[in-house]
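# Residue-level structural notes
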There are 2 protein chains.
Amino acid sequence: MSLIVQKYGGTSVGSVERIKAVAAKVVARHQAGDKIVVAVSAMSGETNRLIDLAKAIHEQPNLREMDVLVSTGEQVTIALLCMALEAEGVSARSYTGGQVRILTDNAHGKARIKEIDGHRIHADLNAGRVVVVAGFQGIDDDGNITTLGRGGSDTTAVALAAALKADECQIYTDVDGVYTTDPRVVAKARRLDKITFEEMLEMASQGSKILQIRSVEFAGKYNVPLRVMSSFQDGPGTLISLEDNDQMEEPIVSGIAFNRDEAKLTIRGIPDQPGVAYKVLGAISEANIEIDVIVQNVAKDDSATITFTVHRNDLPKASELLNQIAEDLGALEVSSDDRIVKVSIVGVGMRSHAGVAAKMFQALAAEGINIQLITTSEIKITVVIEERYLELAVRSLHSAFGLEE
Amino acid sequence: MSLIVQKYGGTSVGSVERIKAVAAKVVARHQAGDKIVVAVSAMSGETNRLIDLAKAIHEQPNLREMDVLVSTGEQVTIALLCMALEAEGVSARSYTGGQVRILTDNAHGKARIKEIDGHRIHADLNAGRVVVVAGFQGIDDDGNITTLGRGGSDTTAVALAAALKADECQIYTDVDGVYTTDPRVVAKARRLDKITFEEMLEMASQGSKILQIRSVEFAGKYNVPLRVMSSFQDGPGTLISLEDNDQMEEPIVSGIAFNRDEAKLTIRGIPDQPGVAYKVLGAISEANIEIDVIVQNVAKDDSATITFTVHRNDLPKASELLNQIAEDLGALEVSSDDRIVKVSIVGVGMRSHAGVAAKMFQALAAEGINIQLITTSEIKITVVIEERYLELAVRSLHSAFGLEE
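For N288 of chain A, which is not a glycine, the phi torsion comes out positive at approximately 60°. Along the polypeptide, N288 of chain A turns up in the loop between α9 (276-286) and β15 (291-298). One non-glycine residue, F136 of chain B, adopts positive backbone phi at about 80°.

In structure tokens:
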């Protein structure tokens, strides 16, 4: 008998029929003898409907009241799912974040979980009930309703699994697992049976939108085995867990991630002296523009060049700021390019294998793809290339590292 | 500086525009220096939308989960109204029933309020905030969400007013006060400036649907002055309060109530002996049919006749039961009539005035209206007459007791 926490997102509970389908899935597992706790999101569209109501009343609605408003979305789902479970003959009980007592800080709209009281849930599970918890929400020390921000239902599920010492946290979504790369780009992409927390984090940070980064971090921190599964078809999904040291031979590369939403900015001919990187990048960051890849080189004339990437939407604003900075620093030139993409290979096996980068560069060179920027981490190598080569690059890397089915 | 509790129903908060209009009303009163607590219903249509979702999942949804579901309706309204108040520059804070701590029993769907903690509300009022509370809902000893049943928002408002020792509880509705009778029947009907709790109860029990009976009882019990006002037009409304003993001359009759939803049943020729009334009426009550007016007479031959009224919808079922009873008792005859109405005159002045009934009967006789049944209470006289005379009877009584403007 296992204790399983399952999480179903907004699409999975988007209609009465889908809620009934979720109930059927939960009941099957319950009848197999497992203890089941379910965390759910608002029905798809509901959160946006509520936000629209708020925006029609106030351009910048009070954050405390916004949480009171949007937290009703999940509250509707928990009640309906319990009714659907009872329709299948299974006793169930719903809890809002406040009722469980999912204690958070008071940062409305982006609260962080401090503590979860598992007392009532354990009592219900021991009484043979399925427990259904509203995702995405909690309560602060003063009893105010808080929300964890978009995607927070994943975090709720993982935090519940950690607090209840669950055997597994299953995240049901619209894909049947984590793939070696996007199957829309590489037809031969393969579902991974397992992947490590670190790899998943690197994949997620590179645009793989299956799981919220925060929930993966949380799962890694508390060592909660996470499984990504499909709401709409049966299958084992992908297990995300700690590195398995018993495994003799790990794959060097687990997956290929990529991101199209990037743009590149370069400032040339700035003084190569302490503080210059801060002068350039500080002003960009202060404008709340997130900077991703950063590369700095020094030219023969001892002047420096800094290149970095930002989200494409931020390019106009970042360009304007960078031109101002260039003027202040007496820089030679500012240039930008929004027809670039990032491609990364990710794998914990890199740690113990030399020559991975060389193999990557060779594969790209063989296709005549020029590499503009390179950055590396312990388990990831990222290159920035021209956008038109994206599919070709991903396919050739997928093949070079033997990721086909 | 007064402490006022205001209640706005579903129609008054039925759209973003109407919520803004409510906010404007609240702000005006707040800026005049009063402390304001607002109790609100769900936006009109919302509760039914939620109930439809539940019914699509389970024919008889679990009552605990039903309360979790429908209580979201008011939670949406409190957040939106607070945003609208902030848009007008007034600081506001919302509370669900559970957050106030409106403690109820655990009768889901029809819970009764046991206790209200006014602590947080007083603190907010003292800090200059408007407080907005979700009507219709509370929380039981175990932290489960409960609802008070339909119309429960009136009760929430009155209970809050009692707990907070408010100076007045204002119920905003779609009419501008309590009238001497239905203006659709008597064009000269007049808005009453004031009426007593008892009179209001008698009017309400006779079909005047402005206020829920339970909230009037509650207000009377705790002596909370209630004022019925219009959400859509300005005006003083009608104050419902204790009898004013200082007033030298009270009106004998305050209003004329009537009810079209009645049907009459008669059983004749039953033995005039102890227990026969119970044999006749007990079986009807046990079938959950509410019996209203009951009259029993004894004929010359010592057989008894019992006549009573039920809701018209219950007539077929009641007839069937009564025929069965007649057979068991060897009764002479059963007859029924669904073309009858009840008309009542209501007024605390009746207590100290003789001849009120005679005046009523005289007015009806002058119009040739036959009275079928009569019942009286301390402050009300009710007659059952043929349906076709309803308007004529109400108009003539309205005139006879000097209720015109």
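So, next bit.
Overlaying chain A with chain B gives an RMSD of 0.3 Å, the required rotation being 179° about an axis along which the chain moves by 0.1 Å. On the angle and the small slide along the axis, the relation comes out as a two-fold axis. Using C-alpha coordinates, one finds that chain A approaches the rotation axis most closely at T72 of chain A, a distance of 2.9 Å. Both copies present the same face, since 100% of the interface residues in chain A are matched by interface residues at the equivalent positions in chain B.

Residues and elements named next belong to chain A. Strand order in the open sheet made by the eight strands is β3-β6-β2-β1-β9-β11-β12-β10, with mixed pairing throughout. Looking at strand neighbours, the two that pair on one side only are β3 (92-95) and β10 (194-196), the edges of this open sheet. Mean inter-strand twist for the sheet, computed between neighbouring axes without regard to direction, equals 20°. Pairing geometry for strand β11 (residues 226-230) and strand β12 (residues 238-241), over three bridges, is antiparallel. Following the sheet pairing, V228 is matched in β12 by T238. Its contacts with the sheet put helix α5 (residues 119-126) on β2 (35-40), β3 and β6 (130-134), and the angle it makes with β6 is roughly 150°.

Bringing the sheet that holds strand β1 (residues 3-8) of chain B into the picture now. Residues and elements named next belong to chain B. Taken in spatial order, the eight strands line up as β3-β6-β2-β1-β9-β11-β12-β10 in an open sheet, and their pairing is mixed. Only two strands of the sheet have a single neighbouring strand rather than two, namely β3 (92-95) and β10 (194-196). Averaged over all pairs of adjacent strands, the angle between strand axes in this sheet comes to 20°, irrespective of strand direction. Relative to strand β6 (residues 130-134), β3 runs parallel, the two sharing four bridges. Paired with A92 across the two strands is V130, which belongs to β6. Taken strand by strand, helix α6 (residues 152-164) contacts β1, β2 (35-40), β6, β9 (168-173) and β11 (226-230), and its axis lies near 175° from that of β1.

Further remarks concern the interface of chain A and chain B. Residue-level contacts link 28 residues of chain A with 28 residues of chain B. Breaking the side of chain A that touches chain B down by element, the ones donating at least two residues are α1 (16-31), α2 (46-57) and α3 (63-87) of chain A. Ranked by residues supplied to the side of chain A that touches chain B, first place goes to α3 of chain A with 14 residues. When grouped by side-chain class, the residues that make up the side of chain A that touches chain B number 18 nonpolar, seven polar and three charged.

Conventions we followed
- Residues numbered from 1 in each chain as written.
- Chains lettered and ligands numbered in written order.
- Predicted model: local features only at pLDDT ≥ 70, side-chain atom pairs only at ≥ 80, totals over all residues.
- Helix = DSSP H or I, 4+ residues; strand = E, 2+ residues; numbered from the N terminus.
- Least-squares fit on C-alpha atoms with pLDDT ≥ 70 in both.
- Contact = placed C-beta atoms within 7 Å.
- Pairing = 2+ DSSP bridges.
- Axes fitted to C-alpha atoms, helices over the stretch in contact; angles between N-to-C directions.
- Nonpolar A, V, L, I, M, F, W, Y, C, P; charged D, E, K, R; others polar.

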